[in-house]
Amino acid sequence: MQVQVRGRGARRWITFGAIAFGGLFLVIGLILAGVSASFLADAERVRGTVVALEWRDDHSEVSRRKRVADGPVAYPVVEFTAADGTRRTFRDSTGSNPPAYERGERVEVLYRADSPEDARINGFASLWLLPLIFGGIGLVFAGIGTVVALVTRRRS
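As the structure is a prediction and not an experimental result, all values here were calculated from the model.

Points about the overall build of the chain
Per the secondary structure count, the chain includes three helices and five strands. Expressed as a percentage of the 156 residues in the chain, the buried residues total 26%. The contacts of the chain with a sequence gap of at least 6 include a subset with a gap of at least 24, amounting to 66%.

See the structure below:
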């Protein structure tokens, strides 16, 4: 009898943990989405040019051993002229392999007039990838935890 009570208690904690973990990730995803939406609302839009691809190996030694086929990641380096006439260069925060952009490619740049050093390429990955990842993981864990809790409750 005690083993079953311990099993139920552990199941409740695991279910609660999954819901809490999922809820936390969902909140982080929503906050990141809000930051992106706020950035879009205040951003100036200008044309820029990819002047280089900065290849970086972003993997640690541990993950490199696990993912032998992974190579370096290309981050686009973009040059644009801000509204005040100043030429600016930035490295986008999102890289990929194969590269998403080519050298010489024209892109739309978003930046805040009060801080032009905080610039991004107007693209899905730059603006919405992190909110989507965190929100998606949050929904999956919270959803699984909620379903398990409801099924367990109905059986009791």
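Some thoughts on the sheet that holds strand S3 (residues 87-91)
Spatial strand order, S3-S2-S1-S4-S5: five strands in an open sheet with antiparallel pairing. Two strands bound the open sheet, and with one partner strand each, they are S3 and strand S5 (115-121). On average, adjacent strands in this sheet sit at an angle of 40 degrees to one another, irrespective of strand direction. Sheet topology note: the strand S1 (residues 44-56)/strand S2 (residues 73-81) ladder contains eight bridges and is antiparallel. Its bridge partner being in S2, Gly 48 is matched across the sheet by Phe 80.

Structural notes on the environment of Val 148
On the secondary structure map, Val 148 appears in helix H3 (residues 124-155). Using a relative accessible area of 33% as the deciding quantity, one classes Val 148 as partly exposed. When the C-alpha atoms of Val 148 and Ile 19 are compared, they prove to be 9.8 Å apart, with 129 residues separating the residues in sequence.

Details of the pairing of strand S4 (residues 106-112)
Here is the key point about a regular strand: its side chains alternate between the two faces of the sheet. Taken together, the six bridges between S1 and S4 define a ladder with antiparallel strand orientation. If you follow Glu 44 over to S4, its bridge partner there is Tyr 111. Both S4 and S5 contribute to a ladder of four bridges, which runs antiparallel. Of the residues in S5, the one forming a bridge with Val 109 is Ile 121. Linking two consecutive strands that pair antiparallel, namely S4 and S5, is a turn of two residues.

Concerning the nonpolar core
Counting twelve residues, the largest nonpolar core is built from Val 46, Val 50, Val 78, Phe 80, Ala 82, Phe 90, Tyr 101, Val 107, Val 109, Tyr 111, Ala 119 and Ile 121. Put simply, the parts of the chain that give this core at least two residues each are S1, S2, S4 and S5. Considering each element in turn, this core owes the most residues, three residues, to S4.

A look at a positive patch on the surface
Judged by side-chain charge, Arg 11, Arg 12, Arg 153 and Arg 155 come together as a positively charged surface patch. Residue assignment for the positive patch shows that the elements contributing at least two residues are helix H1 (2-42) and H3. Within the fold, Arg 11 resides in helix H1. Residue classification places Arg 11 among the partly exposed residues on the basis of a relative accessible area of 42%.

Concerning the pairing of S3
Sheet analysis places S2 next to S3, joined by five bridges and oriented antiparallel. Among the inter-strand pairings, Glu 79 is bridged to a residue of S3, identified as Thr 89. Connecting S2 to the antiparallel partner S3 that follows it, the hairpin turn spans five residues, and Gly 85 within it adopts a positive phi of roughly 90 degrees.

Let's talk about the confidence of the model for the chain
Overall, the predicted model of the chain reaches an average pLDDT of 86, with 86% of residues at or above 70. Predicted confidence in the chain is weakest over helix H2 (residues 61-66), with a mean pLDDT of 48, and strongest over S4, with 94. Every residue in residues 1-5 is under pLDDT 50, and counting partners more than four places away or in other chains gives zero contacts.

Reading the values: rules and limits
Counting restarts for each chain, with residues numbered from 1 along the sequence as it is written. In keeping with the model being predicted, local features are shown solely for residues with a pLDDT of at least 70 and side-chain atom pairs are shown and tallied solely at 80 or more, while totals for entire chains, interfaces and linings include all residues. The side-chain quantities take in all heavy atoms of the structure and omit both hydrogens and water. Only DSSP runs of H or I reaching four residues or more are called helices, and only runs of E reaching two or more are called strands; each is numbered from the N terminus. Three exposure classes are used, based on accessible area relative to the maximum for each residue type with a 1.4 Å probe and protein chains only: buried under 20%, partly exposed in between, and exposed over 50%. Any two residues having at least one pair of non-hydrogen atoms within 4.5 Å are treated as being in contact. Only strands that DSSP links by at least two bridges are regarded as paired with each other. Fitted lines through C-alpha atoms serve as axes, helices being fitted only where they are in contact, and the angles separating the N-to-C directions of these axes extend from 0 to 180 degrees. Definition used in this section: a nonpolar core is a set of buried Ala, Val, Leu, Ile, Met, Phe, Trp, Tyr and Cys residues joined via side-chain atoms within 4.5 Å. Like charges are joined within 9 Å and nonpolar side chains (Val, Leu, Ile, Met, Phe, Trp, Tyr) within 5 Å, but only among residues with over 30% relative accessible area and no salt bridge; these make up the patches. In these tables, accessible area is a Shrake-Rupley quantity obtained with a 1.4 Å probe, and a residue counts as shielded only by the protein chains included in the view. Salt bridge, as used here, is a side-chain nitrogen of Lys or Arg placed within 4 Å of a carboxyl oxygen of Asp or Glu. Positive charges come from Lys and Arg alone, negative charges from Asp and Glu alone, with His and the N- and C-terminal ends not counted. All charge positions are set by atom: Lys at NZ, Arg at CZ, Asp at CG, Glu at CD. As a per-residue measure, pLDDT tells how confident the predictor is, with possible values from 0 to 100.

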